[in-house]
Amino acid sequence: MTTTTVASRPFLLVGAALAIVYLVWGSTYLAIRIMVQEMPPFVSAGVRFLVGALLVGGFLVARGGLSRLAVTRRQVLGCAQIGLLLIVLGQGLVTLAEHGGAPSGITALLIAAVPLWVICHRVLAGERPAVRTVAGVATGFCGLVVVVAANGLGGAFPPWTMVAVLVAGLSWAFGSWYQPRLRLPRDPFAVAVYEMLFGGAALTVIGLVSGERFDPLAYSGRAWAAWGYLVLFGSVLAFSAYIWLLQSAATSLAATYAYVNPLVALCLGWLVLAEPVTVPTLAGGVIVVAAVAVVVRAEFQR
């Protein structure tokens, strides 16, 4: 599938989609942390994406009829693959890690390395990035080491949760790199519907099989508010905007959300949940974000 260039899309639409991904996704790390204090991680995340799929799908049908959701078998399989990579492994592992005690701000910093992982996938696929790109990737991974060491060696960040977040970032990066190479529905919002549908269903089944139970009457209004925010803003709005960007712009442009998300998440985690922000964590985070900036800028100038 040929990726449409940025120039062929209205500038304001691309800018609006980027702004949504920048700001809304940065806040979802806090919302996930609040949600999983009471709700089981996999089932709550799975139901979140199922409801998101129904809302977006219902909107598409209301605007254009059932034909808006028409897909071929090959397109369905492609959506299922990306749903596994982005939602089950990407979002699912992040939710599990935060349920296990991973601070929302640190989680966002580790996920900020997604553009660096994308470059690694490209290298493994036989591409040869520019020297500056490679230097940026190496610098970024040094920043990751600083963040992990500062929070995993005697810190309150359980080591297994860091592994889960790193695997989530790897999966998200591979899915972002792989999606433009699959045969998917031409309508990016239909793509979002099917990816959320398959991913949400898989997470729900995983949660139920592992013994999780979803008891709506047992959760506080605070937990429900966080879950509702994730459905409407995290899934319906931001995930749809990201999928649209992947099909409408260069992957490297869509990946620039990594500049802003960690800053939003760190500030909100500190303000709302009093999550500690140490000097080594900030130093490592600055290195990661700066490296991502170098990589994306080098890619734009190729």
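The structure presented is a predicted model; accordingly, all values stated were derived computationally and were not measured. (Residues numbered from 1 in each chain as written. Predicted model: local features only at pLDDT ≥ 70, side-chain atom pairs only at ≥ 80, totals over all residues. Heavy atoms only, no water.)

Student: So what exactly am I meant to see when it comes to the nonpolar core here?
Tutor: The tendency in soluble globular proteins is for nonpolar side chains to be buried as a group. Core analysis: the biggest nonpolar cluster contains 87 residues, and Trp25, Trp172, Phe239, Tyr242, Leu245 and Tyr257 have the highest contact counts within it. Leaving out residues up to four positions away in the same chain, Tyr242 has contacts with Val21, Trp25, Trp172, Ser176, Ala254 and Tyr257. (Core = buried A, V, L, I, M, F, W, Y, C linked by side-chain atoms within 4.5 Å. Buried < 20%, exposed > 50% of the residue type's maximum accessible area, 1.4 Å probe, protein only. Contact = heavy atoms within 4.5 Å.)

Student: It is not clear to me how helix H2 (residues 41-64) should be interpreted in this structure. Could you clarify?
Tutor: Here H2 is 24 residues long and its end C-alpha atoms lie 34 Å apart, about the 34 Å a rise of 1.5 Å per residue gives. Of the residues flanking the end of H2, it is Gly65, one or two places downstream, whose phi is positive at about 85 degrees. (Helix = DSSP H or I, 4+ residues; strand = E, 2+ residues; numbered from the N terminus. Expected span 1.5 Å × (residues − 1).)

Student: Help me understand the environment of Gln179, please; the structure alone is not making it clear to me.
Tutor: For Gln179, the position within the fold is in the loop between helix H7 (159-178) and helix H8 (188-209). For Gln179, a relative accessible area of 0% puts it in the buried group.

Student: Explanation requested: the side chain of Thr107 in the structure shown.
Tutor: With respect to the element layout, Thr107 can be found in helix H4 (residues 104-111). Filtering out sequence-adjacent residues up to four positions away, Thr107 remains in contact with Tyr29, Val94, Glu98, Ala102, Phe157 and Val165.

Student: Would you explain the packing of aromatic side chains in this entry?
Tutor: According to the stated counting rule, one finds 13 aromatic pairs in the structure shown. Note on Phe214 and Tyr219: the rings are 5.5 Å apart at their centroids and 50 degrees apart in plane angle, and the pair reads as tilted. Since its relative accessible area comes to 13%, Tyr219 is described here as buried. Ring centres of Trp224 and Trp227 lie 5.4 Å apart, and the angle between their planes is 85 degrees; on these two criteria the pair is classed as edge-to-face. In this pair, Trp224 and Trp227 both sit in helix H9 (residues 221-248), 3 residues apart, roughly one turn of the helix. An aromatic cluster of at least three residues, connected via ring pairs, comprises Trp25, Phe49, Trp172, Phe239 and Tyr242. (Phe/Tyr/Trp six-rings, centres within 6.5 Å; stacked < 30°, edge-to-face > 60°.)

Student: When you look at the side chain of Ser27 in this model, what are you seeing that I'm missing?
Tutor: Relative to the elements of secondary structure, Ser27 occurs in helix H1 (residues 11-35). Within polar-contact distance, the side chain of Ser27 engages the side chain of Tyr229 at 2.5 Å. Once you skip the residues sitting within four places of it in the chain, Ser27 turns out to touch Tyr229, Val264 and Leu268. (Polar contact = N/O pair within 3.5 Å; in protein donor to acceptor, adjacent residues only side chain to side chain.)

On their own, these measurements won't tell you what the molecule is for.
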